[in-house]
Amino acid sequence: MDPATTTAARDLARAASRHGEARHERPVHDEDRAAEGTAPAGSADHDATGATALAAHLVPLTRDRLRQVLDDALAHRNALTNALAQLTFSGEAAYGADRPDWAVGPFAPDPSLTFTLDHQWDDPDGIGWTSSSLYNPTMIEHEGVLHLFYRASPVKESLGSRIGHATRDLTGTGTGTGSDSGSDAGTGTGAAWVDDPANPVVRPTRDLELLGTEDPKIYRAEGRFWLFYNGIWPITEEARAAFPSTGYPVEAVGCDMMLAVSDDLVTWERLGPIADPEQTRLWAKGAVIPRDEHGDAVRVGGEYLMFVSEGFDGVLHVGRSDDMRTWRFEPTPYLDLSSVGGHLHEVAAAIVTGDGRLVLDVFHDDAEGRFAASQALYDIERPFDQLALTPGGSLCWGGLGRVDGRWTFAQGWDAPPGRRDLYVYREADGGVDDDPVDRPS
């Protein structure tokens, strides 16, 4: 879902537009922020002209501004997103009686794998930041350990988010990255989720992240791990004038696809935005790369593909890369929802099923304007020629993978207000409960 246009975002953008001299304020993260808007290191062929121009119109990240974003986030309420329920989209009823054999799912929660964050992180920014909701995570298994990266927000679907990391040993040895957290039943003898003591592993340190860091997506490729996430920032009038978006109207909130890379899933190098604002027009969301059951990014036709479904002036785009680091984007009409009469919100995941098929997991409105999920089928050799569309889907923004042979993902929409739970959903096989256990009312 698009981040709400908040009071803080409007106030920050208007203040910066009225007072250009405010850019001399010292940012709080000078020591670890890269030059804003420039291409990632090693991207010599990337045209950074537009990015450099945008940098001149950004609101600088300062501690006072981070605090203003937090205050606004704590007051955020959204009845539509608060009502989201995972099994509405992912349960057996959502798929219908005519579910084709290529569809991935339906799913049911596995209570033994629930992750619960039972403590507040230390706040490295010193603004009193806390979280009350976890959602839109991504998972990958590596060397017998399941790694979970998740969005933590002051309030569900608010701005001001940070990204956390937790691990769960799948071998039964109980190893992880730090101290407590989670259930002690499940895959592996005595296994428990362990929250990373270094959290938040990704927090706002750039002007393009002032309003938050959101919705991680993890991939393994080229012998490394690639974490894509959304950087959210306030749009000034000058930025809107410099990069008009008539096909995809933007208001006070901008969004960029950001990238970090790691060799060990613990230490991350932040590389910054991957697309030029001359193309994105101040909004680019959904770094969805075809991923197999192990979390590996899959080359298609000799290159990596990225399905982008939001922004880019309202036109579907596909990114192409030889190395996962440098991306070039071009308009590509890869999805047709006319048969369901719906409006596309976002492509959630691209699943390579191992039988020559590619399945896109899609979030959209139906003909009556209600939230819905569908899956679209493609041949992996013809990834833009849609073959079929069927109802039901995971809406897993972080991608799916197989754990113990079953397609698996996590989501926190169903956690009761104020409780920071992430429920793990697995392919339904009749042996998993229909609803998570121990959910306080």
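It should be noted that the structure appears before, not after, this text.
Residues numbered from 1 in each chain as written. Predicted model: local features only at pLDDT ≥ 70, side-chain atom pairs only at ≥ 80, totals over all residues. Heavy atoms only, no water.

A closer look at the overall build of the protein chain
The helix and strand inventory of the protein chain stands at eight helices and 22 strands. Burial analysis of the protein chain (441 residues in total) assigns 61% to the buried set. Roughly 16,300 Å² of accessible area belongs to the protein chain as shown, and the carbon and sulfur atoms make up 48% of that amount. (Helix = DSSP H or I, 4+ residues; strand = E, 2+ residues; numbered from the N terminus. Buried < 20%, exposed > 50% of the residue type's maximum accessible area, 1.4 Å probe, protein only. Areas by Shrake-Rupley, 256 points an atom, 1.4 Å probe, with all protein chains shown as cover.)

Looking at the pattern of salt bridges
If you walk through the whole model with that rule in mind, you get 25 salt bridges. With a closest N to O distance of 4.0 Å, R325 and E269 form a salt bridge. Placement of the pair is R325 in the loop between β14 (317-321) and β15 (328-331) and E269 in strand β10 (residues 269-273), with a sequence separation of 56 residues. On the accessibility criterion, R325 (17% relative accessible area) is buried. (Salt bridge = Lys/Arg side-chain N within 4 Å of Asp/Glu carboxyl O.)

Concerning unusual backbone geometry
For the bond from G105 to P106, the omega torsion is 5 degrees, close enough to zero to count as cis. Following the sequence through the fold, P106 ends up in the loop between α6 (92-95) and β1 (107-109). You will see that D215, though not glycine, has its phi angle at about 50 degrees, which is positive. Tracing the backbone through its elements, the reader meets D215 in strand β7 (residues 212-221). D215 gets classed as buried once you look at its relative accessible area, which sits at 3%.

Examining the packing of aromatic side chains
Considering all chains together, one arrives at 18 aromatic pairs under this definition. With a centroid separation of 5.0 Å and 85 degrees between ring planes, the pair formed by F107 and F409 is classed as edge-to-face. Of the two residues, F107 sits in strand β1 while F409 sits in strand β21 (residues 406-411), which places them 302 residues apart along the sequence. Per residue, the accessibility class of F107 equals that of F409, and both read buried. With a centroid separation of 5.7 Å and 85 degrees between ring planes, the pair formed by F149 and W268 is classed as edge-to-face. Note that F149 is positioned in strand β4 (residues 145-153) and W268 in the loop between β9 (253-262) and β10, a separation of 119 residues in sequence. The rings of F89, F363, F371, W397 and W413 are connected pair by pair, giving a single aromatic cluster. (Phe/Tyr/Trp six-rings, centres within 6.5 Å; stacked < 30°, edge-to-face > 60°.)

Some remarks on the pairing of strand β16 (residues 344-352)
A large share of β16 lies buried, amounting to eight of its nine residues. Where β16 meets strand β17 (residues 357-365), seven bridges bridge the pair, whose relative direction is antiparallel. Bridging from a neighbouring strand, L344 pairs with H364 of β17. Hairpin connection from β16 to β17: four residues lie between these consecutive antiparallel strands, with G354 at a positive phi of about 90 degrees. (Pairing = 2+ DSSP bridges.)

A closer look at the sheet that holds β16
Pairing in this open sheet of four strands is antiparallel, and the strands run β16-β17-β18-β19 from one edge to the other. With one partner strand each, in any of the chains shown, β16 and β19 (388-391) form the two edges of the open sheet. Here the strands of the sheet are splayed against their neighbours by 25 degrees on average, with no regard to which way each runs. Pairing geometry for β17 and strand β18 (residues 371-379), over nine bridges, is antiparallel. Note that in β18 the partner of R357 across the bridge is D379. (Axes fitted to C-alpha atoms, helices over the stretch in contact; angles between N-to-C directions.)

Things to note about the nonpolar core
Core analysis: the largest hydrophobic core is formed by 58 residues, its most contacted members being F115, L148 and Y150. Put simply, the parts of the chain that give this core at least two residues each are α1 (7-18), α3 (63-74), β3 (133-142), β4, β5 (162-169), β8 (224-234), β9 and β22 (421-427). Counting residues in hydrophobic clusters, the runner-up holds 21 residues, among them I274, A287, V308 and M324. (Core = buried A, V, L, I, M, F, W, Y, C linked by side-chain atoms within 4.5 Å.)

Thoughts on α3
Here α3 spans 17 Å end to end across twelve residues, near enough to the 16 Å set by a 1.5 Å rise per residue. Among the residues of α3, those classed as buried are R65, L66, V69, L70, D72 and A73. All buried residues of α3 fall inside an arc of 165 degrees around its axis, so they share one side. (Expected span 1.5 Å × (residues − 1). Arc of directions from axis to C-beta.)

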